[in-house]
Amino acid sequence: MSSLEEKTLSTEKIFTGKIISLQVDEVKLPNGKTSKRELIKHPGAVAVIAVTPDHKIVMVEQYRKALERTIVEIPAGKLEQGEKPEICAARELEEETGYVCTKMEWLTSFYTSPGFADELVHIYVATGLTKKEDAAETDEDEFVQLIEITLEEAVELVKGQKIYDAKTAFAVQYLQLQKAMGRK
């Protein structure tokens, strides 16, 4: 056991839902004492940074019940069991925006809240976008409004806390960096 590792002594399953599960683990701490850890298990997700040929960022506005408000986000969604992230990214892009792409490139992955959840989000960059006439529809319980905005408008939405989630803030900063480096 490394000097920082916590060894799991027992696991109590509390809840298993459609998207997440909750468990409480009893752990042995590095100093030999025990403690409890409340953990959320999540299958992982994808998010897509998509920019149209006329340099508009493709986003969606969606009501988020946990926040009791709408926010503007890049297209994203949960991985289905056994689904490859790049397949999920293409599916979510089409379902939420009606766009398809000629290239879907992995950019990075990160944990959203490692203090209590194992959700890993894979970020992709979609290029060669075209709007599909007969695009796949969103999930029956998902309602989004398509928004296409400039990078400058996105920065203003960050300042105004309309873009207020980590994956979308990351996307805006990534695009700002690309612009500063002379890349589109």
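How should the nonpolar core be read in this particular structure?
Generally speaking, nonpolar side chains in soluble globular proteins are found buried as a group. Grouped together as the largest cluster of nonpolar side chains are 21 residues, with contacts concentrated most on I49, I57, M59, A154 and V172. Counting residues per element, the ones that place at least two in this core are β4 (45-50), β5 (57-64), β10 (120-127), β12 (144-149), α2 (151-159) and α3 (166-180). Looking at this core element by element, the count peaks at four residues for α3. Beyond its immediate sequence surroundings of up to four residues, I57 is in contact with A50, V51, I147, E148, I149, T150, L151, A154 and L175. Among the nonpolar cores identified, the runner-up in size contains 13 residues, and A89, L93, M104 and Y124 belong to it.

Explain unusual backbone geometry to me, please; I cannot follow it from the model alone.
Trans peptide bonds make up most of the peptide bonds, and negative phi angles are found at most residues other than glycine. The phi angle at H55 is positive, at roughly 70°, despite the residue not being glycine. Among the structural elements, H55 can be located in the loop between β4 and β5. In this structure, E68 takes a positive phi of about 60° despite not being glycine. The topology assignment puts E68 in the loop between β5 and β6 (69-73).

Honestly, the packing of aromatic side chains in this entry has me stumped. Any pointers?
Each aromatic ring pair is summarised here by two numbers: the centre-to-centre distance and the angle between the ring planes. On inspection of all chains with the given rule, the structure shows one aromatic pair. Geometrically, the ring pair formed by F110 and F170 is tilted, given 5.9 Å between the ring centres and 50° between the ring planes. Of this pair, F110 sits in strand β9 (residues 103-111) while F170 sits in helix α3, and the two are 60 residues apart along the sequence. Residue F110 is classed as partly exposed on the basis of its relative accessible area, which comes to 21%.

In this structure, what is going on with the environment of V51? I would like to understand it.
Examined against the element boundaries, V51 turns out to sit in the loop between β4 and β5. Since its relative accessible area comes to 26%, V51 is described here as partly exposed. As for V51 and T150, which are separated by 99 residues in sequence, their C-alpha atoms are 9.2 Å apart. V51 has contacts with K56, I57, A126, L129 and L175, leaving out every residue within four places of it along the chain.

Can you help me understand the sheet that holds strand β7 (residues 76-78) in this one?
Adjacent strands of a sheet form backbone hydrogen bonds with each other and so pair up, either parallel or antiparallel. Read across the sheet, four strands follow the order β7-β4-β10-β9 without closing on themselves; strand pairing throughout is mixed. Across the chains shown, the open sheet's two edge strands, defined by having one partner strand only, are β7 and β9. For this sheet, the mean inter-axis angle between neighbouring strands, taken without regard to orientation, is 20°. The strands touched by α3 are β4, β7, β9 and β10; relative to β9, the strand with the most contacts, the crossing angle is about 125°.

What counts as what
Residues numbered from 1 in each chain as written. Predicted model: local features only at pLDDT ≥ 70, side-chain atom pairs only at ≥ 80, totals over all residues. Heavy atoms only, no water. Core = buried A, V, L, I, M, F, W, Y, C linked by side-chain atoms within 4.5 Å. Buried < 20%, exposed > 50% of the residue type's maximum accessible area, 1.4 Å probe, protein only. Helix = DSSP H or I, 4+ residues; strand = E, 2+ residues; numbered from the N terminus. Contact = heavy atoms within 4.5 Å. Phe/Tyr/Trp six-rings, centres within 6.5 Å; stacked < 30°, edge-to-face > 60°. Pairing = 2+ DSSP bridges. Axes fitted to C-alpha atoms, helices over the stretch in contact; angles between N-to-C directions.

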